[in-house]
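Inside the fold
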Amino acid sequence: MEERWSTEHVLSLAPDAASRKAAGKLSSPAPWSGTGTDGAALWGECRGSGRTPYRTVIELATPAYQCSCPSRKFPCKHALGLLLLWSGAPEAVPAGEPADWAAEWLRARRERAEKRAAPPADPEAARRRAERRGARVAAGAAELRLRLADRIRHGLADRSTAGPWEEVAARMVDAQAPGLATRVRELDSLPEERLLAEYAMLHLLATAATRIDELPPELAATVRARVGYTLDAAEVLTGPTVRDRWLVLGSRDTADERLTTRRVWLRGAKTGRPALLLAFGRPGQAPDLALPTGHLLEAELAYHPGARPLRAALGTRYGAPEPGPAAPPAGLTVAEAVAGYGTAVADDPWLDSWPTVLAGVVPVRAPDGWHLTDGHHTVPVRTSAVPEAALWRLVAVSTGRPLTVFGEYGHQGFAPVTAWSAEHRPVGLSSS
């Protein structure tokens, strides 16, 4: 029997609360006609205010959506409503072959995917482009080293000769090193007590970028990623994959005026390996990837290369997410978490944080901020990454008793993402 998504899973795709509310009104069979599913896709026509119904089709594996409505939100309320109908009333979405208009969209998507996966038409031209970019990146990194040395030579307190870093960031963009550009832009907003450390790490990265060919392969891959080289998921998936039943530890969305980024953290039930999946959406559009926290997904992952592999691409799935174990995931003491982060930084010096599950910790609010303590050691909470309301929710879940908490631990503290209550239900802490 076909595995249906839970209501929670469907609503996690919504771009905002208004879309969730509107979708609820379209989750009954009344406005729908011509609905169907072939196990890989859903389709249907939804009656609106006009004479012509809106045609909605959803490809479930990604997922991806298409609707003839004029909404700029993505997915729109019709796509969400159809998913809710399929989830809650399977008999209203019978099995069948796609309507012609749905089949055409699905065929076009498959053709685009096959085209993206095809090897370059001219490998020699691709090699020459890569060489030209490598030379530009190395030149930009060399210039950045000189700029940093000049700032140090004049002294951090001397602002008379230190202009904004935006000009240097623009130079890094011209050098095709967007990762360097991002880190350079952040320098203008850093407090003075952190500047010297960031200058040192940025100088180390720029130095490594001028010597990539001399580095061990794993470290070279890490430097390329930090500098801003990207790999398509299809390219990553051509390499080795790891099949496991992956526990969804949590997710967090961050947004700016250009992009919404969703981070989903997994841990292999058999391998114990952590993994980070990234998905992106335009303004007003929720990222496609949605995996319910606490569920298990049997799938193949391919890790991006690096000295400390974490980011992964999601490959073949073997079924839908299913409820995970009743008990919370195994965790570490605070001391073990600190040691684990230290080991990770030894492999990747630019690593800001590492996914960590803490066991038996209690949230405490002190005069100097929030902390998590296991009775022996204490770790500060990185409040800049977590809304205040979410921290009070963590206190409410704990009621003074030890919890299991998943989050990211780094040199600035611990950023909680998910907590497991006494009833072992995961509680998300990423939103206010």
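My aim in this report is to walk through the structure given alongside it, one point at a time. This structure is a prediction, so every number in the text was calculated from the model and none was measured.

Cut-offs and rules
- Residues numbered from 1 in each chain as written.
- Predicted model: local features only at pLDDT ≥ 70, side-chain atom pairs only at ≥ 80, totals over all residues.
- Heavy atoms only, no water.
- Helix = DSSP H or I, 4+ residues; strand = E, 2+ residues; numbered from the N terminus.
- Rg over C-alpha atoms; globule rule 2.2 N^0.38 Å.
- Buried < 20%, exposed > 50% of the residue type's maximum accessible area, 1.4 Å probe, protein only.
- Contact = heavy atoms within 4.5 Å.
- Areas by Shrake-Rupley, 256 points an atom, 1.4 Å probe, with all protein chains shown as cover.
- Lys, Arg positive; Asp, Glu negative; His and termini not counted.
- Charge placed at Lys NZ, Arg CZ, Asp CG, Glu CD.
- Pairing = 2+ DSSP bridges.
- 1 Å grid on protein atoms, 1.4 Å probe; cavity = no way out; pocket = protein on both sides within 12 Å on 5 of 7 lines; lining within 4 Å.
- Points joined across faces, edges and corners; volume = space filled by probe spheres on them.
- Nonpolar A, V, L, I, M, F, W, Y, C, P; charged D, E, K, R; others polar.
- Axes fitted to C-alpha atoms, helices over the stretch in contact; angles between N-to-C directions.
- Parallel < 35°, antiparallel > 145°, perpendicular 65-115°, else oblique.
- Left-handed = near helix turned anticlockwise from the far one by under 90°.
- Phe/Tyr/Trp six-rings, centres within 6.5 Å; stacked < 30°, edge-to-face > 60°.
- Lys NZ or Arg CZ within 6 Å of the ring centre and 35° of its normal.

**Examining the overall build of the chain**
Helix and strand counts for the chain come out as 12 helices and 16 strands. Radius of gyration (C-alpha) of the chain: 24 Å, near the 22 Å computed for a compact globule of 432 residues. Residues counted as buried form 42% of the 432 residues belonging to the chain. Sequence-distant contacts in the chain: of pairs separated by 6 or more residues, those separated by 24 or more amount to 61%. Accessible surface for the chain amounts to roughly 22,000 Å². Of this, 54% is attributable to carbon and sulfur atoms. Counting 52 positive and 49 negative side-chain charges, the chain places the centres of these two groups 4 Å from one another.

**Focus on the pairing of strand β7 (residues 274–281)**
Pairing analysis gives 8 bridges linking strand β6 (residues 260–268) to β7, with the strands arranged antiparallel. The partner of Arg267 across the bridge, within β7, is Pro274.

**Things to note about empty space enclosed by the protein**
For the structure on display, the rule yields 1 cavity of 30 Å³ or more. Computed from the structure, the largest cavity encloses a volume of approximately 50 Å³. Taken together, Trp5, His9, Leu13, Leu60, Ala61, Thr62, Pro63, Asp288, Leu289, Ala290 and Arg317 make up the lining of the largest cavity. The class makeup of the residues in the lining of the largest cavity is 7 nonpolar, 2 polar and 2 charged.

**Observations regarding the packing of helix α2 (residues 17–24) against helix α3 (residues 77–88)**
Close contact between α2 and α3 brings their axes to 8 Å; oriented N to C, the two are set at 55°. One way to sum up the angle between α2 and α3 is to call them oblique. Considering the relative orientation of α2 and α3, their crossing is right-handed. Touching Ser19, Ala22, Ala23 and Gly24 of α2 are Lys77, Leu80, Gly81 and Leu84, all from α3. Residue classes in the contact of α2 with α3 are distributed as 4 nonpolar, 3 polar and 1 charged.

**Quick notes on the sheet that holds strand β13 (residues 378–380)**
Where strands meet in a sheet, backbone hydrogen bonds hold them as pairs that are either parallel or antiparallel. Strand order in the open sheet made by the 6 strands is β13-β12-β11-β14-β15-β16, with antiparallel pairing throughout. The strands lining the two open edges of the sheet, one partner per strand, are β13 and β16 (426–428). Across the sheet, the mean angle from the axis of one strand to that of its neighbour is 50°, orientation sign disregarded. Taken together, the 7 bridges between strand β11 (residues 353–366) and strand β14 (residues 403–410) define a ladder with antiparallel strand orientation. Bridging from a neighbouring strand, Pro355 pairs with Glu408 of β14.

**Considerations on the packing of aromatic side chains**
How two aromatic rings sit relative to each other is set out by the distance from centre to centre and by the angle between their planes. Considering all chains together, one arrives at 5 aromatic pairs under this definition. Pairing Trp370 with Trp392 gives two aromatic rings, centres 5.0 Å apart and planes at 85°, and the pair type is edge-to-face. With Trp370 in strand β12 (residues 369–373) and Trp392 in helix α12 (residues 388–398), the pair connects residues that are 22 residues apart, well separated along the chain. For Trp392, a relative accessible area of 42% translates into the label partly exposed. Above the ring of Tyr318, the side-chain terminus of Arg243 is found at 3.5 Å from the ring centroid.

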